[in-house]
Amino acid sequence: MLYNEPSPLEVKVLTRRFGLPNSASIDTYLATGGYQAFRKALGMKPEEIIDEVKTSNLRGRGGAGFPAGMKWSFVPRTSPKPKYIVVNADESEPGTCKDRLLMENDPHQLIEGMLIAGLAVDAHAGYIYVRGEYRYLIDILDKAIAEAYRHGYLGRNLLGSNFHFDAYTHTGAGAYECGEESALLESLEGKRGVPRIRPPFPAVVGAFQCPTVLNNVETYSAVPAIIRDGGAAFAALGTPKNGGTRLFCLSGHVNKPGVYELPMGFNLLRMIEEVGGGVPGGKKLKAVIPGGSSCPVLTAGECDLAMDFDSVAKAGSMLGSGGVVVMDEDTCMVRMALRIMRFYAHESCGWCIPCREGTTWLRKMLARLHGGGGTASDVSLIGELARNMLGRTFCPLGDAAAMPTIALVEKFRDEFEEHAEGRCRYSHA
Ligand SMILES: Cc1cc2nc3c(=O)[nH]c(=O)nc-3n(C[C@H](O)[C@H](O)[C@H](O)COP(=O)(O)O)c2cc1C
Ligand code: SF4
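Residues numbered from 1 in each chain as written. Chains lettered and ligands numbered in written order. Predicted model: local features only at pLDDT ≥ 70, side-chain atom pairs only at ≥ 80, totals over all residues. Heavy atoms only, no water.

**Re the overall build of the protein**
Note the cut-off: Numbered from the N terminus, helices here are DSSP runs of H or I no shorter than four residues, and strands are runs of E no shorter than two. We take the radius of gyration over the C-alpha atoms and set the globule estimate at 2.2 Å times the residue count to the 0.38 power. What sets the accessible areas is the Shrake-Rupley method with a 1.4 Å probe; for residues, cover comes only from the shown protein chains.
In terms of regular secondary structure, the protein is built from 17 helices and eleven strands. The globule rule puts the C-alpha radius of gyration for 429 residues at 22 Å, and the 22 Å found for the protein is close to it. Just so you have it, the protein exposes about 16600 Å², and 54% of that area is on carbon and sulfur atoms.

Listed below in structure tokens is the structure:
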């Protein structure tokens with residue numbers, strides 16, 4: 001199993017089985033308390049399950065941080081339509097690599113989370129939508145699903161109850177946009193993965209036009225611990241309104257990159273220094289992207305910060321999907337902006353003009369600037385174009401491309417201006 005050395009500062013709730021022999025097998029899962037939370041939930045009323053999740057202050061780990069219990073409460077349980085559980089395992093945000101570890105090392109924890117969500121909203125089928133590049137995970141997930149059927153944790157009359165639940169895996173084709181929830185649902189239904197108009201939201205009109213709970217892998221994986229130990233215990237691990245732990249994907253210029261499970265609100269500088277072993281070669285910290293490539297960059301001076309959704313938002317960025325990208329003093333920010341924009345221009349689904357054209361123009365201007373062929377007016381134009389995309393696209397991918405660009409130009413304008421004069425202090429131009 002692929003997993004970095006754990007840190008003594010970790011608080012292992014979701015990752016507690018990582019590193020155990022055969023951690024993905026049902027035998028290991030059952031021997032370590034697995035499926036006990038589902039057994040407990042079978043004796044609870046659906047509202048009690050939802051209340052427990054609300055008490056836990058669990059917020060969606062896919063990016064937006066929406067309270068999970070509240071999302072579940074929007075599902076019309078009494079609707080005559082079937083309801084569905086959908087797992088967002090698309091994990092495409094650059095800098096993010098935690099869901100793969102959860103599925104690789106502890107797939108039954110995810111299945112148990114889906115079962116409990118199913119009980120809470122009266123759903124009897126669940127789909128795990130896995131990004132195309134994670135094809136190897138399908139074997140692991142399918143094996144776990146087959147084991148769960150054999151042991152009576154999937155199928156009919158589960159643990160002697162009336163409850164039945166079926167689980168399926170579904171692969172995407174490797175499109176970032178298919179991680180956006182409504183595009184994911186289109187893709188799951190076999191159509192082109194472009195977003196839907198909302199409202200209605202998936203809780204009311206989701207998969208196959210039926211009420212659907214759609215959450216990230218990490219969000220579902222937290223649910224067994226919440227039901228097992230109680231929502232209050234999970235909430236107490238984090239900060240107010242930001243319950244539990246978070247899997248942070250620490251990458252870039254750190255001595256010990258890896259995925260670390262830390263309490264919500266863990267200080268970012270401590271994360272870099274004490275968990276990640278500091279910046280290599282004794283170099284100075286220059287900047288950090290705190291939650292995946294779509295989040296505005298923070299300068300070193302802004303990094304003395306509690307890593308929870310509200311604190312990072314207050315600092316002008318986002319906790320996003322937990323992808324913490326560290327940059328040292330020798331990082332060229334024009335190059336960084338170009339790399340980010342290459343990704344978004346490539347991944348724009350092309351549905352709406354501000355994103356399709358905007359990302360392409362930005363990519364071209366940044367490439368020109370980076371290559372030494374830009375002009376002084378390009379710097380202002382890049383910022384202006386990105387600001388004009390904000391809030392004017394059909395789905396948040398346009399914002400995801402614009403926000404990091406705006407922050408990079410505003411916070412490191414001198415570097416952009418130097419490039420316009422044909423100079424790069426890091427000699428990349
Ligand atoms: C362009 C785009 C890509 C996204 N990619 C992912 C993804 O790969 N995984 C994910 O869980 N959420 C992704 N999201 C967020 C989802 O739309 C959705 O908010 C999330 O899956 C809900 O689950 P949560 O409440 O548990 O976070 C993406 C959003 C956008 C706009
Ligand atoms: S913003 Fe528009 S073009 Fe970009 S991914 Fe969303 S729908 Fe597609």
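**Remarks on empty space enclosed by the protein**
Our working definition: Using only the protein atoms, space was sampled on a 1 Å grid; points where a 1.4 Å probe fits but cannot get out form cavities, open sets with protein on both sides within 12 Å along at least five of seven lines form pockets, and lining residues are those with an atom within 4 Å of a point. Grid points are joined across faces, edges and corners, and a volume is the space filled by probe spheres set on the points. All residues other than Ala, Val, Leu, Ile, Met, Phe, Trp, Tyr, Cys, Pro, Asp, Glu, Lys and Arg, Gly among them, are scored as polar; the first ten of these are nonpolar and the last four charged.
Per the stated rule, a full pass over the model turns up two cavities of 30 Å³ or more. Its volume calculated, the largest cavity comes out at about 80 Å³. In the lining of the largest cavity, the residues fall into eight nonpolar, four polar and one charged. If you add up the space inside the second largest cavity, you get close to 40 Å³. Elements supplying a minimum of two residues to the lining of the second largest cavity: α6 (107-121) and α9 (217-229). Looking at the lining of the second largest cavity, its residues break down into four nonpolar, three polar and four charged.

**Quick look at the packing of aromatic side chains**
Describing an aromatic ring pair means giving the distance of the ring centres and the angle of the ring planes. Rule in force here: Two rings from Phe, Tyr or Trp (for Trp, the six-membered ring) form a pair when their centres are within 6.5 Å of each other. A pair whose planes differ by under 30 degrees is stacked, one over 60 is edge-to-face, and the rest are tilted. Under the scheme applied here, a residue whose accessible area is under 20% of the maximum for its type counts as buried, over 50% as exposed, and between as partly exposed, the area being computed with a 1.4 Å probe on protein chains only.
A full pass over the atoms with the stated rule returns 13 aromatic pairs. Look at F66 and F74: their rings are 6.2 Å apart centre to centre, the planes differ by 50°, and that puts the pair in the tilted class. On the basis of relative accessibility, which here comes to 36%, the residue F66 falls in the partly exposed class. Look at Y176 and Y344: their rings are 5.7 Å apart centre to centre, the planes differ by 70°, and that puts the pair in the edge-to-face class.

**A few points about the site of ligand 1**
Rule in force here: Distances are taken per atom, and a residue is near a molecule or strand as soon as one of its heavy atoms is within 4 Å of it. Residues adjacent in sequence count toward polar contacts only when both atoms are side-chain atoms; beyond that, a polar contact is any pair of N or O atoms within 3.5 Å, and within protein one must be able to donate a hydrogen and the other to accept it. In this scheme, a molecule is assigned to a cavity or pocket if more than half of its atoms are within 2 Å of the grid points.
Lining the immediate surroundings of ligand 1 are 20 residues, of which G62, N88, N215, N216 and T219 lie closest. Contact between ligand 1 and G62: an oxygen atom at 2.7 Å from a main-chain N or O atom of the residue. One nitrogen or oxygen atom from the side chain of T219 is found 2.7 Å from an oxygen atom belonging to ligand 1. Isolated, ligand 1 exposes 610 Å² of accessible area, and the fraction of that covered by the protein chains is 89%. One can see that ligand 1 is located within the largest pocket. Element by element, the count of residues in the shell around ligand 1 is highest for strand β4 (residues 212-216), at three residues. Taken together, the residues of the shell around ligand 1 break down into four nonpolar, nine polar and seven charged.

**Regarding the packing of helix α14 (residues 353-370) against helix α15 (residues 376-389)**
We apply this condition: To obtain each axis, a line is fitted to C-alpha atoms, and for helices this fit is confined to the stretch in contact; angles are then taken between N-to-C directions over 0 to 180 degrees. Orientation labels follow simple angle bins: below 35 degrees gives roughly parallel, above 145 gives roughly antiparallel, 65 to 115 gives roughly perpendicular, and whatever is left gives oblique. Crossing handedness follows the turn of the near helix against the far one: under a right angle anticlockwise gives a left-handed crossing, and clockwise gives a right-handed one. Contacts are assigned to residue pairs that have any heavy atoms within 4.5 Å of one another.
At a minimum axis distance of 10 Å, the contact between α14 and α15 shows a crossing angle of 160°. With respect to α15, the element α14 is oriented roughly antiparallel. Crossing hand, α14 versus α15: left-handed. Here P354, C355, G358, T359, W361, L362, M365, L366, R368 and L369 of α14 come into contact with α15, specifically with D378, V379, L381, I382, L385, A386 and M389. Looking at the contact of α14 with α15, its residues break down into 13 nonpolar, two polar and two charged.

**Structural notes on the domain arrangement of the protein**
The test is simple: Source of the domain bounds: an automatic or database domain assignment. Buried area counts how much accessible surface, traced with a 1.4 Å probe, disappears from two parts once they are put together, with both parts' losses summed. In the sections that follow, a salt bridge refers to a side-chain nitrogen of Lys or Arg positioned within 4 Å of a carboxyl oxygen of Asp or Glu.
As assigned here, the protein comprises domain 1 (26-237), domain 2 (245-328) and domain 3 (333-420). Between domain 2 and domain 3, the contact holds 14 residues from the first and twelve residues from the second. Of the roughly 1000 Å² buried where domain 2 meets domain 3, counting both sides, 72% is carbon and sulfur surface. In this assembly, domain 2 and domain 3 are joined by two salt bridges. Two residues, K286 and E415, come together in a salt bridge whose shortest N-O distance is 2.5 Å. Scanning the region where domain 2 abuts domain 3 turns up five residue pairs in polar contact (both at pLDDT 80 or more). Of all the secondary-structure elements, those providing two or more residues to the side of domain 2 that touches domain 3 are β8 (285-289), β9 (298-299) and β11 (323-328). Ranked by the residues each element gives to the side of domain 2 that touches domain 3, the list is headed by β8, at three residues. Among the residues forming the side of domain 2 that touches domain 3, the class breakdown is nine nonpolar, three polar and two charged.

**Here's the deal with the pairing of β11**
What counts, and what does not: Strand pairing is assigned whenever DSSP detects at least two bridges linking the two strands.
Across the six residues that make up β11, a large majority, six, are buried. What you see with β11 is no split at all: G323, V325 and M327 on one side and V324, V326 and D328 on the other are buried throughout. Here strand β5 (residues 245-252) runs beside β11; their pairing, made up of four bridges, is parallel. The residue bridging S251 from the neighbouring strand is V325, located in β11.

**What about the sheet that holds β4?**
Strand order in this open sheet of four strands is β3-β2-β1-β4, and the pairing throughout is parallel. Every interior strand has two partners, whereas the edge strands, β3 (166-171) and β4, have only one. Each neighbouring strand pair of the sheet contributes to a mean axis angle of 20°, computed without reference to strand direction. Relative to β3, strand β2 (residues 125-130) runs parallel, the two sharing six bridges. Paired with I128 across the strands is T169, a residue of β3. Against the sheet, α6 engages β1 (84-89), β2, β3 and β4, with an angle of about 145° to β1.

**Things to note about the pattern of salt bridges**
Per the counting criterion, the structure on display carries 28 salt bridges. Residue R61 pairs with E218 through a salt bridge whose shortest N-O separation is 3.7 Å. Placement of the pair is R61 in the loop between α3 (46-55) and α4 (68-73) and E218 in helix α9, with a sequence separation of 157 residues. Under the relative-accessibility criterion, R61 is labelled buried at 1%. A residue is classified by how much of its surface remains accessible, and E218, at 1% relative accessible area, is buried. A network of salt bridges, in which partner residues are shared, links R61, K98, D99, E218 and R246.

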